[in-house]
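In case you want the letters, here they are:
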Amino acid sequence: MSTLDTLAAKLAEDTLKVQDALGEDRMYMEVAQVLGAASQSLEEAFLTEVRIRLAERKARDFINSKLETAKAALEAKAKNFYDQRPAAAIRVPL
């Protein structure tokens, strides 16, 4: 990893932590403006790192949502299955 990539990754990580703590969802754009005034290359690398991290968050949220939906459907199906069976047909091991 080059110095540019290393610095951009660390800045992105730190910026998103502060942004989350403050509840400002576009703070990274302000940091990018500051970077752009000094180094366009670092600004572009920083924005790429931020976009990657934000995209990863969205993907994980999507996956977790799908998993929760599937779990709820399976639990409902299992509940319905056991609710419809006669009590005598359900064996409980001793």
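One structure accompanies this document, and this report is about it.

Definitions and limits used
Residues numbered from 1 in each chain as written. Predicted model: local features only at pLDDT ≥ 70, side-chain atom pairs only at ≥ 80, totals over all residues. Heavy atoms only, no water. Core = buried A, V, L, I, M, F, W, Y, C linked by side-chain atoms within 4.5 Å. Buried < 20%, exposed > 50% of the residue type's maximum accessible area, 1.4 Å probe, protein only. Helix = DSSP H or I, 4+ residues; strand = E, 2+ residues; numbered from the N terminus. Contact = heavy atoms within 4.5 Å. Expected span 1.5 Å × (residues − 1).

### Section: the nonpolar core
1) Next: In this structure, Ala-8, Ala-12, Leu-16, Tyr-28, Ala-32, Leu-35, Leu-42, Ala-45, Phe-46, Leu-47 and Val-50 together form the largest nonpolar core, which totals eleven residues.
2) Next: Where this core is concerned, the elements lending two or more residues are helix 1 (3-22), helix 2 (27-38) and helix 3 (40-84).
3) Next: Per element, the largest residue contribution to this core is five residues, and it comes from helix 3.
4) Next: If sequence neighbours within four positions are ignored, Leu-42 has contacts with Leu-4, Leu-7, Ala-8, Leu-11 and Leu-35.

### Description of helix 1
1) Next: Under the 1.5 Å per step criterion, the end-to-end length of helix 1 is 28 Å for 20 residues, consistent within 8% with the ideal 28 Å.
2) Next: Buried residues in helix 1 make contact with helix 2 and helix 3.
3) Next: One or two positions beyond helix 1, positive phi appears at Gly-23, with a value near 75°.

### Topic: helix 3
1) Next: An ideal rise of 1.5 Å per residue puts 66 Å on 45 residues; helix 3 measures up with 66 Å between its terminal C-alpha atoms.
2) Next: When we look at burial in helix 3, the residues that qualify are Leu-42, Ala-45, Phe-46, Leu-47, Glu-49 and Val-50.
3) Next: Contacts from the buried residues of helix 3 go to helix 1 and helix 2.

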